[in-house]
Structure formats: C-alpha cells, structure tokens
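Chain by chain, the residues:
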Amino acid sequence: MFILVNLKAYPCDPIEVATAARDVAESSGARIAVSPQAADVARVADTGVEAWAQHVSPNAHGSHTGSTLAEAVADNGAEGTLVNHSENRLKLADIDGSVRAAERADLETIVCANNPAQVGAAAALGPDAVAVEPPELIGGDVSVSTADPGIVEDAVAAADAVDPSVDVFCGAGVSTGEDLAAAGDLGASGILLASGVAKADDPRAALEDLVSGL
Ligand SMILES: O=C(CO)COP(=O)(O)O
C-alpha cells in the first residue's frame, strides 16, 4: 500500500511532516510520499522523502502566466503529481492535458475522482493510478473504507473494466492503520490522506499508526 500525504494548504510545517514521513518510510519499509504546496516541493524533496506536486498545468513552456509546469516540479525533485481534486476541479480536457504533461516530465500520476463513474473516465486517460474520494467524507473523522466501502469496491471495478493496469487508491477521512488495512481489503493499492497527518498534533505518531495497518 502506497501512502500519499496531501498537505493541501494547511498551515502545517511541511519539513516536519516530510522528515517524519521519510523516517517512518525508512523504518517500516512502507512507500510514503508527501505532496506539499508547489512552492515547497524542492525543500520537501531535499529531506529525502518522496515528493509529489498537488497539481501540474496542462501546458508546456511558453506564455502561460501562473502555470505550474510539470517540468519545473520534476526539476525541483517531485517524482509524481496529483491531477484534479474535489477542491480543485478540472475539465476532462485539462485532466488529460495535465496527465500528458506529467508523462512528458516523467512524473507518476494519480487522478482524483469523486465517484466510480469519474474513476472510469479518469482511468481511460491512462494515469498510473486513480483515487476515489467522496467529497462529503473529505476532512471528516470517518474513513471512506468504513463509511462507504461499496464506493471503493465499485471504483476498483470501474477502473479494472477500463484499464486493469491503472491502480486505485481511496481517500477521505483515512487516519489510522485500521482504516488503511480496510482500504487494502477492499482492493485499494494505496491511500490518499490529508487532515489525519497535516492537522495531527503529532504527525510522526499519526504516520506510525498508519503503517501499523500494513
Ligand atoms: O482530500 C483528501 C486527500 O486528497 C483527503 O482529505 P482528508 O484525509 O482530510 O479527508
């Protein structure tokens, strides 16, 4: 199970979380990545943890003010990028463009989706993985793997029907090792979480609890 910690725009210390994630990944053997604000990608990657961008623009170099280029985040140490999110909704054509941009820059991709139908559409674009995150459970205390196990199973089936090589992650309310284990039992290859680590009083302890579910 891959654990991807999305720091969103939370007021946490990205280096504190990245250092803890690096240490817990090393001691447990788990794959853990941290996805900070684009401006913090280089500092986070410098800790030695696997760093991911939260978004890349569909465009390449050129007259595109405000872009976050896939090439730029890759040059600054990112190994992958999220594409689309319930909190940053993109048009299908832009999701496609961002996945293609990430491919050009050799970044791994996870496209986020709200439900199994969107998972199927996202899988058709050929990312490395898709993540199902029901918006109503994002930021809450109850894990998607407990509150709505059927949506995870349906997402796995939807992606498999389109392209069996696309992994399926789940996210929303995931915070414990038990939540992670339940996600794995439902067929997920990884989890995407934010508040359970970024808003934790002790992010290191939160990460240690998560890997206990592996
Ligand atoms: O949106 C999410 C990750 O991208 C999930 O957020 P929470 O873990 O805070 O529910």
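For every chain, the first residue of its written sequence is number 1, and the numbers climb from 1 along that sequence. Thresholds applied to this predicted model are a pLDDT of at least 70 for local features of residues and 80 or more for the giving and counting of side-chain atom pairs; totals over whole chains, interfaces and linings are not thresholded and use all residues. The basis for every side-chain value is the complete set of heavy atoms in the structure, and neither hydrogens nor water enter the calculation.

- Identification of the chain as Triosephosphate isomerase from Halorubrum yunnanense is taken from an unreviewed UniProt entry.
- Listed in UniProt under the heading Subcellular location (unreviewed entry), the comment for the chain reads: "Cytoplasm".
- UniProt positions are given in the numbering used here, feature names are shortened, and annotations may be inferred rather than shown by experiment. Quoted verbatim from the Subunit (unreviewed entry) heading of the UniProt record, the comment on the chain is "Homotetramer; dimer of dimers."

## What to know about the pattern of salt bridges
- Whenever Lys or Arg places a side-chain nitrogen within 4 Å of a carboxyl oxygen from Asp or Glu, that contact is recorded as a salt bridge. According to the stated counting rule, one finds nine salt bridges in the structure shown.
- For Lys8, the salt bridge identified is with Glu87, shortest N-O distance 2.8 Å. Placement of Lys8 in the loop between strand S1 (2–6) and helix H1 (14–28) and of Glu87 in the loop between strand S4 (78–83) and helix H4 (92–104) is noted, with a sequence separation of 79 residues between them.
- Here Asp23 ties to Arg22 by a salt bridge, and the two come within 3.0 Å at their closest N and O atoms.
- According to the relative accessible area criterion, Asp23 is partly exposed, its value standing at 23%.
- Type-normalised accessible area, obtained with a 1.4 Å probe on protein chains alone, sets the label of each residue: buried when under 20%, exposed when over 50%, and partly exposed for intermediate values. Residue Arg22 is classed as partly exposed on the basis of its relative accessible area of 25%. The way it works is that DSSP assigns letters per residue, a run of H or I at least four long becomes a helix, a run of E at least two long becomes a strand, and they are numbered from the N terminus.

## Re the UniProt feature "binding site: substrate" (unreviewed entry) in the chain
- UniProt's feature table lists "binding site: substrate" (unreviewed entry) at Asn6, Leu7, Lys8, Ile138, Gly173, Ala194 and Ser195, given in the numbering used throughout. The named residues occupy 190 residues along the chain; their greatest pairwise C-alpha distance, 14.2 Å, places them in one compact cluster. For the largest cavity, the lining residues drawn from the annotated set are Asn6, Lys8, Ile138, Gly173, Ala194 and Ser195.
- With respect to the helices and strands, the residue Asn6 is situated in strand S1.
- With near-sequence residues (within four places) excluded, Asn6 lies in contact with Ser35, Gln54, Leu82, His85, Leu192, Leu193 and Ala194.
- With respect to the secondary-structure elements, Ala194 resides in the loop between strand S8 (190–193) and helix H9 (195–198).
- For Ala194, a relative accessible area of 9% corresponds to the buried category.
- Only heavy atoms matter for contacts: two residues are in contact if any of them lie within 4.5 Å across the pair. Leave out the neighbours within four places in its chain, and Ala194 touches Asn6, Lys8, Tyr10 and Lys199. Think of a 1 Å grid over just the protein atoms. A cavity is a set of points where a 1.4 Å probe fits yet cannot get out, a pocket is an open set with protein on both sides within 12 Å along at least five of seven lines, and lining residues have an atom within 4 Å of a point.

## Some words on the packing of aromatic side chains
- Here the aromatic set is Phe, Tyr and Trp, taking the six-membered ring for Trp, and pairing holds for ring centres within 6.5 Å; pairs whose planes are under 30 degrees apart are stacked, those over 60 apart are edge-to-face, and all others are tilted. Under the criterion given, the structure shown has two aromatic pairs.
- Note on Phe2 and Phe169: the rings are 5.6 Å apart at their centroids and 85 degrees apart in plane angle, and the pair reads as edge-to-face. A residue pair is termed long-range when its members are at least 10 positions apart, and Phe2 in strand S1 and Phe169 in strand S7 (residues 167–171) qualify at 167 residues. Pair check on accessibility: Phe2 and Phe169 agree, each one buried.

## Some words on a negative patch on the surface
- On the surface, Asp13, Glu16, Asp201, Asp202 and Glu208 cluster together into a patch of negative charge.
- Looking at where Asp201 falls in the secondary structure, it is placed in the loop between H9 and helix H10 (203–211).
- With a relative accessible area of 82%, Asp201 lands in the exposed category. In this scheme, patches are assembled from residues that exceed 30% relative accessible area and form no salt bridge. Like charges are connected within 9 Å, while nonpolar side chains (Val, Leu, Ile, Met, Phe, Trp, Tyr) are connected within 5 Å. Residue-level accessible areas treat just the shown protein chains as cover; the underlying method is Shrake-Rupley with a 1.4 Å probe. Charge assignment: positive for Lys and Arg, negative for Asp and Glu; neither His nor the chain ends contribute. Where a charge lies is defined by one atom per residue type: Lys uses NZ, Arg uses CZ, Asp uses CG and Glu uses CD.

## Regarding the state of the cysteines
- A pair of cysteine sulfur atoms is labelled a disulfide when the two atoms are within 2.5 Å. Evaluated as defined, the whole model comprises zero disulfides.
- Here Cys12 is not disulfide-linked; the sulfur of Cys112 is the nearest cysteine sulfur, at 17 Å.
- A disulfide-free cysteine, Cys170 has its sulfur positioned 12 Å from the sulfur of Cys112, the nearest such atom.
- Owing to a relative accessible area of 0%, Cys170 belongs among the buried residues under this scheme.

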